[in-house]
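Fold and contact review
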Amino acid sequence: MTFVSAEQVKSMIQGREAEVLERCAGIPEEVLDGKNHPCPKCGGKDRFRYINQEEGTVFCNQCFNEKNHGPISAVMHYRGLTYPAALELIARELNSPEPFQQHQPTGSEEPATKKVTDKKYEMKTTFTPIYDTSGGPKLMRKSCFSVGKKPFGFDLVWNGYSYTFKADSDSKSKVKKHTIYEYTDGFGEPLYLVYRMDMQDGKKLPYLFHWQNGVYISGKPEEDERVPFNAPTLKECEHVFIVEGEKCAVALQWWLDKTRQENDDIEAVTCFLGGSGQFLPKYADWFLDKDVLIFPDNDEPGYKYARCGAEVLSPVVRRLRIFKWPEGTPEKWDIADEIKEKGESSRVLQGLAGLRSAYNANPARNFSQNEKPP
Ligand SMILES: [Zn+2]
């Protein structure tokens, strides 16, 4: 055992607080974003937060609400270590003294310097799409890189609508389900994706990645890159359903595909990044002359979303309707719930089938699969 003083370790940590929390305290980078999350030690829904990035302080209102200042105490608490053992672990992980020398701020102690050194440590996650022989989506490979560690990762598999992780069904992890919803342009070229983790306790953690230099990296897409979800299908369909989130889009698209008769029109289901209140005027271009049905969630933000969409779209579409859930439908109910909970017996879904036979009966407007533009 090499001797390291507390002072030495403290200066090693300078500018590498997040790295210590992730590598030494074992706190996943996903919860180090300053937002509320389940606690990595005692669980819950939103009791944990990275409250001070400069100091590297995390907080849990159940198990870590006092003596929680700085990353050393986090390592002690989340690893169950004594103070000397935590120092030893941190010193070992940060591989002193060489990296310490490189990371030492030069002369100035301004916060700006700290931010720069902070950037030297990044646990980077990327996603890379892998296509099948005909150029269609096949896998999305998740790769994680971090200083001094072997890269690791896993593949999520395309299921026709989204990417999912096969091992989720028998996992004992805190993450119940991993899903990737990819936004491409009308030709299927990558733009951005939502990586969503559904936790065992019901919490949903969505992360945004955008396309840069042949790979998806963490971060929001620029506003001018934004497109409706499912753009390649949307581009080719006359009949369009707008729902409030990717989960609903995928569920309804699946249902429509499953129940479509051979000569029926293809319908597209779409939604927009961010759900309610994110209806950008530029989206209107995608809906020129289309027959649109907006399917909001059954709550006030849902109907607001629908009205906002109607305002943007009504000048360009051929027809626009807003679906209203029947009396007695539970608050926040959505089309994914309807499909999952009621399926064939759903009056709403039977209603959709009626709608479909009405437009399919009009041959002038028919737009069958075989008449698709090249
Ligand atoms: Zn806790």
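Structure: see above.
Attention here is on the structure that accompanies the text.

Parameters at a glance
Every chain is numbered on its own, with residues counted from 1 as its sequence reads. In keeping with the model being predicted, local features are shown solely for residues with a pLDDT of at least 70 and side-chain atom pairs are shown and tallied solely at 80 or more, while totals for entire chains, interfaces and linings include all residues. Hydrogens and water molecules were not included; the side-chain quantities draw on all heavy atoms of the structure. The term nonpolar core refers to a set of buried residues drawn from Ala, Val, Leu, Ile, Met, Phe, Trp, Tyr and Cys, joined through side-chain atoms within 4.5 Å. Relative accessibility under 20% of the residue-type maximum defines a buried residue, over 50% an exposed one, and the middle range a partly exposed one, all with a 1.4 Å probe and only protein chains included. In DSSP terms, a helix is any run of H or I states spanning at least four residues, a strand is any run of E spanning at least two, and both are numbered starting from the N terminus. The domain boundaries here were taken from an automatic or database domain assignment. Contacts are residue-level and defined by heavy atoms, with any inter-residue pair within 4.5 Å sufficient. Aromatic pairs are defined between Phe, Tyr and Trp rings, using the six-membered ring for Trp, whenever the two ring centres lie within 6.5 Å; interplanar angles under 30 degrees are classed as stacked, those over 60 as edge-to-face, and all others as tilted. In this scheme, the term charge over a ring applies when either NZ of a lysine or CZ of an arginine sits within 6 Å of the ring centre and within 35 degrees of the ring normal. Note on pairing: DSSP must find at least two bridges between two strands before they are called paired. As a rule, the C-alpha atoms of each element are fitted with a line to give its axis, helices using only the stretch in contact, and angles between N-to-C directions run from 0 to 180 degrees.

**Points about the nonpolar core**
By size, the foremost hydrophobic cluster in this structure holds 31 residues, and its most contacted members are Tyr183, Phe241, Val243, Leu252, Phe295, Trp325 and Ile335. Elements supplying a minimum of two residues to this core: strand S8 (175-184), strand S9 (190-199), helix H8 (246-259), helix H10 (335-341) and helix H11 (347-360). Looking at this core element by element, the count peaks at seven residues for H8. For this core, the two domains that each supply at least three residues are domain 2 (124-225) and domain 3 (231-371). Beyond its immediate stretch of four places on either side in the chain, Phe241 contacts Leu252, Leu256, Glu267, Ala268, Val269, Thr270, Leu293, Phe295, Leu352 and Leu355. The next biggest cluster of nonpolar side chains, apart from the first, holds 27 residues, and it includes Val20, Cys24, Ile27 and Val31.

**Details of the packing of aromatic side chains**
With the rule as written, the count across this model stands at 17 aromatic pairs. Measuring from centroid to centroid gives 5.5 Å for Phe64 and Tyr78, while their planes differ by 85°, and the two rings are edge-to-face. You can see Phe64 sitting in the loop between strand S3 (57-60) and helix H3 (70-79) and its partner Tyr78 sitting in helix H3, a full 14 residues away along the chain. An aromatic cluster of three or more residues is present, and its members are Tyr181, Tyr183, Tyr192 and Phe229. Lying across the ring of Phe187, Lys235 places its NZ or CZ 3.8 Å from the centre.

**A look at the environment of Trp333**
Secondary-structure assignment places Trp333 in the loop between strand S15 (319-322) and H10. With residues up to four places along the chain from it excluded, the contact list for Trp333 reads Asp297, Asn298, Trp325, Glu338, Glu341 and Lys342.

**A word on unusual backbone geometry**
Positive phi is not limited to glycine here, since Lys67 has a value of about 50°. Located in the positive-phi region is Asp289, a residue other than glycine, with phi close to 65°. Positionally, Asp289 belongs in the loop between strand S13 (267-270) and strand S14 (291-294).

**Thoughts on the sheet that holds S3**
Taken in spatial order, the three strands make up an open sheet running S1-S2-S3, and their pairing is antiparallel. Lying at the two open borders of the sheet, with one neighbouring strand each, are strand S1 (37-39) and S3. Shown here is a sheet whose adjacent strand axes are inclined to one another by a mean of 55°, direction ignored. Pairing of S1 with strand S2 (residues 43-52) involves two bridges; the strand directions are antiparallel. By the bridge assignment for S2, His37 is matched with Phe48. The strands touched by H3 within the sheet are S1, S2 and S3, with S3 carrying the most contacts at an inclination of about 45°.

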